[in-house]
Amino acid sequence: MPIHHAVLSLLSDGPSYGYELKGAFESAVGPQWGPLNIGHLYQILDRLSRDGLVQSQRQAQAVKPDRVMYEITGEGRAELGRWLAEASPRSGGFRDDFFLKLTAAARSADADVVLQVLGRQRAHLLRELRNLDGLRRRAEDPVVRLLLSAAVRHVEADLAFLDDADRALLQTEGALTRPQAARGGGLSATA
């Protein structure tokens with residue numbers, strides 16, 4: 001999971017503790033990723049410790065409870081290097097809720113339903129694009145700007161897909177005619 005490796009990357013700069021790592025992660029990846037749940041981060045740190053990729057040491061504090069400091073191990077550096085050296089395939093493949101929704105709309109054989117589905121998705125994507133563009137213009141960190149640029153490109157690709165769907169389903173003669181086998185309803189692999 002990439003968050004494990006992101007934590008190893010943060011620890012490669014030196015020892016750190018949970019809340020400091022949370023802040024460094026959120027600062028490094030910017031608002032596009034969203035906040036990192038501290039409970040989830042501690043689960044990751046426990047897992048990395050169990051796997052021998054980080055080691056921890058308790059540090060006493062005068063007023064607060066002991067602080068647990070984490071440090072990357074040699075094995076952790078090797079794992080981080082291995083991860084950085086490999087390509088990153090899409091984690092979810094090409095499974096997409098919208099594609100299933102579009103499939104269902106197309107199977108209705110009703111051009112108005114397809115138009116509504118495409119229109120709502122286009123409006124959503126355009127709002128998302130405006131939001132991302134605003135965030136990108138305000139981002140000071142060049143890595144955060146890159147992440148936001150990647151998100152913009154994904155949204156632009158999704159908008160181009162909507163254009164493809166419009167042409168294929170609404171502008172092509174007979175495109176919304178249901179296949180004979182599908183008249184019973186439901187989604188099938190032929191849709």
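In this report, we go over the structure that sits alongside the text. Keep in mind it's a predicted model, so treat the numbers as computed, not measured.

Moving on to the overall build of the protein chain. Within the protein chain, the regular secondary structure consists of 7 helices and 2 strands. The helix and strand sequence of the protein chain, counted from the amino end, reads α-α-α-β-β-α-α-α-α. Contacts in the protein chain between residues far apart in sequence, at least 24 positions, make up 58% of those at least 6 positions apart. Only carbon and sulfur atoms are counted for the fraction: they give 53% of the accessible area of the protein chain, which is about 12,500 Å².

For any two helices packed against each other, the geometry comes down to the angle between their axes and how far apart the axes lie. Two numbers describe how helix α6 (residues 111-138) lies on helix α7 (residues 142-170): the axes approach to 10 Å, and their chain directions differ by 165 degrees. Taken together, α6 and α7 sit at an angle that is classed as roughly antiparallel. Classified by chirality, the crossing of α7 by α6 is left-handed. Taken together, the residues of the contact of α6 with α7 sort by class into 18 nonpolar, 2 polar and 9 charged.

Below, the discussion takes up the environment of Arg 137. Position of Arg 137 among the secondary structure elements: in helix α6. Judged by its relative accessible area of 63%, Arg 137 is exposed.

A few words on the environment of Tyr 42. Among the secondary structure elements, Tyr 42 is positioned in helix α3 (residues 38-50). Not counting the four nearest positions on each side in its chain, Tyr 42 is found in contact with Gly 18, Tyr 19 and Tyr 70.

Now for the pattern of salt bridges. Applying the stated criterion across every chain yields a total of 8 salt bridges. The residue Asp 163 makes a salt bridge to Arg 122 at a minimum N-O spacing of 3.2 Å. One end of the pair, Asp 163, is in helix α7; the other, Arg 122, is in helix α6, and 41 residues separate them in sequence. By relative accessible area, Asp 163 is classed as partly exposed at 34%. For Arg 122, a relative accessible area of 27% gives the class partly exposed. For Arg 137, the salt bridge identified is with Asp 133, shortest N-O distance 3.1 Å. Remark: Asp 133 and Arg 137 occur in helix α6; sequence separation between them is 4 residues, near one turn of the helix.

The nonpolar side chains of a soluble globular protein tend to be buried, and buried together. In terms of nonpolar packing, the biggest core is built from 21 residues, with Leu 102 and Leu 118 touching the most fellow members. Going through the elements one at a time, α5 (97-107), α6 and α7 are the ones with two or more residues in this core. For this core, the leading source of residues is α7, giving 9 residues. Setting aside its immediate chain neighbours within four residues, Leu 102 contacts Val 114, Leu 118, Phe 161, Ala 165 and Leu 169. Core analysis: the next-biggest nonpolar cluster, separate from the first, contains 18 residues, Ile 3, Leu 10, Ile 44 and Leu 53 among them.

Rules of the game
Residues numbered from 1 in each chain as written. Predicted model: local features only at pLDDT ≥ 70, side-chain atom pairs only at ≥ 80, totals over all residues. Heavy atoms only, no water. Helix = DSSP H or I, 4+ residues; strand = E, 2+ residues; numbered from the N terminus. Contact = heavy atoms within 4.5 Å. Areas by Shrake-Rupley, 256 points an atom, 1.4 Å probe, with all protein chains shown as cover. Axes fitted to C-alpha atoms, helices over the stretch in contact; angles between N-to-C directions. Parallel < 35°, antiparallel > 145°, perpendicular 65-115°, else oblique. Left-handed = near helix turned anticlockwise from the far one by under 90°. Nonpolar A, V, L, I, M, F, W, Y, C, P; charged D, E, K, R; others polar. Buried < 20%, exposed > 50% of the residue type's maximum accessible area, 1.4 Å probe, protein only. Salt bridge = Lys/Arg side-chain N within 4 Å of Asp/Glu carboxyl O. Core = buried A, V, L, I, M, F, W, Y, C linked by side-chain atoms within 4.5 Å.

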